[in-house]
Every structure is written in C-alpha cells, then in structure tokens.
Amino acid sequence: MVASNQGTAMSQRSLAAVFALVLGLSAPALAEEVSGPVILVAKPELRDKLYGSSILVVTPLGGDQHVGFIVNRPSDTRLGMVFPEHGPSQKAIDPVYLGGPTGSQLIFAMVQRPDNPGGKSLAVMPGLYVAFDAAVVDRIIESEPDRARFMAGLVAWKPGELQAEIEAGAWYVLSPDPALVMRKPEGLWEELVRRSQQADNTI
C-alpha cells in the first residue's frame, strides 16, 4: 500500500495529482486475481493499526495498479466541521469516514446509484461511484446524502503489491456488492470474516 503524509486540515482540491502519483509509481505488471472490482476483508491475522479489521472496496486502474477506500472507519469529524460555510453540510448527521492515508485532506463522496453522478467520478464497481470534484461532492451532499458515504483519503497499491498481499494471506476477497459496501459498519467486519471462513471450510 502506498501511504502519504496526512494533512492537518481537510480541504477540497483536484485529485488529478493524486491519481498521477498512483499511476506513476512504477512500471506496469500483470495480475489475474484482482483484474476487476472486489471487496477486501482483512483477515484476523492482519494486525495493523489502520488496516486491521478493515473492509475495503477496490478497483483496478490499469497496469496492475489499484485504488480503494476503507468503508468501515468512521471518524469523529462531521461534514459540517469540514465545510463550515456550506449549509447542507451542517445538516449531515453521519460522520466522515477515513477512506485511506493517501490524499487524506480530500473529501470523496461514495454514492450508490445506477449512473455516473458526473464530473470526475470513478466507477469503483457497477452501481457504486466515487466523486471527487468539489461541485459534484457538494451536489451529492445537497441532493442525495442518504445514498452516499463521505470519506477522507484513499488507499493506493503499486503494481503487483495487492496481488502479493492477497497471496501472503492478508485479505479475504469477496465479489463486488454495492449494498454490502454501504451497510453500517457495526459488526460488519465480524460478519464477513465468519462468512469467508465458512466458505473456506466448504472448499
């Protein structure tokens, strides 16, 4: 995983530089296992302050590079604290989630919907998009906050790195499921670990 220094304050700006960093990490490599969107569930053996007991949604960017978002790490920060002058943000009840260490000063809107919300949005799996344009994030806050999760930062993998982590036994790999990703986090990791262990035992 690629880490970056976490910002001391959250601000919204273009994500082009972040993706340029991700895409310029090293030469392309090939992988079969994670050629499409997946959900990663940390195995109990993965004892890491950030990634232990985590659930991530991950999508390939090409060249065996991947980007993902932790979906079960609510923070103590709310949108109204991040955008104090934006009226609709003051009404948001749910916390901002920690999506990952890279670009942690950026706010992303992950939204479950059948079509692209517009702007520079990334399809992380069918029916699930992540918006990072400030105007699109604002529009989601204003018009469909109940279908969205707002996150600070992302996770990025260099070519071959995610495949190596899976082969080393760090993650259970689940099929993409937008409804699962958007569920409340309480007890979800434990449920998915049990489900994955039961599936392993039937093989």
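Above this note sits the structure.
Residues numbered from 1 in each chain as written. Predicted model: local features only at pLDDT ≥ 70, side-chain atom pairs only at ≥ 80, totals over all residues. Heavy atoms only, no water.

Draft legend 1. Quick peek at the overall build of the protein chain. A tally of helices and strands in the protein chain yields 7 helices and 10 strands. Within the protein chain, the fraction of its 203 residues that count as buried is 48%. Carbon together with sulfur atoms contributes 53% to the accessible area of the protein chain, which is approximately 9,800 Å² in total. (Helix = DSSP H or I, 4+ residues; strand = E, 2+ residues; numbered from the N terminus. Buried < 20%, exposed > 50% of the residue type's maximum accessible area, 1.4 Å probe, protein only. Areas by Shrake-Rupley, 256 points an atom, 1.4 Å probe, with all protein chains shown as cover.)

Draft legend 2. Just the packing of aromatic side chains, in detail. This model, assessed by the stated rule, comprises 1 aromatic pair. When the centroid spacing of 5.3 Å and the interplanar angle of 65° are considered together, the rings of Phe69 and Phe108 count as edge-to-face. Pair noted here: Phe69 is in strand β3 (residues 65-70) and Phe108 is in strand β6 (residues 102-112), with a separation of 39 residues, a long-range link. Phe108 shares its class with Phe69; the two are buried. Note that Lys43 overlies the ring of Tyr172, its terminal NZ or CZ placed 5.0 Å from the centroid. Positioned above the aromatic ring of Tyr97 is the side chain of Arg149, whose terminal nitrogen or guanidinium carbon lies 4.4 Å from the ring centre. (Phe/Tyr/Trp six-rings, centres within 6.5 Å; stacked < 30°, edge-to-face > 60°. Lys NZ or Arg CZ within 6 Å of the ring centre and 35° of its normal.)

Draft legend 3. Summary view of helix α4 (residues 134-143). All of the buried residues in α4 are Val136, Val137, Ile140 and Ile141. What you see down the axis of α4 is that its buried residues fit within an arc of 140°, all on one side. Seen from the open side of α4, the exposed residues pointing more than 90 degrees away from its buried face are Ala135 and Ser143. Lining the buried residues of α4 we find α2 (79-82), α3 (87-90), β6, β7 (121-125), β8 (128-131) and β9 (148-157). (Arc of directions from axis to C-beta. Contact = heavy atoms within 4.5 Å.)

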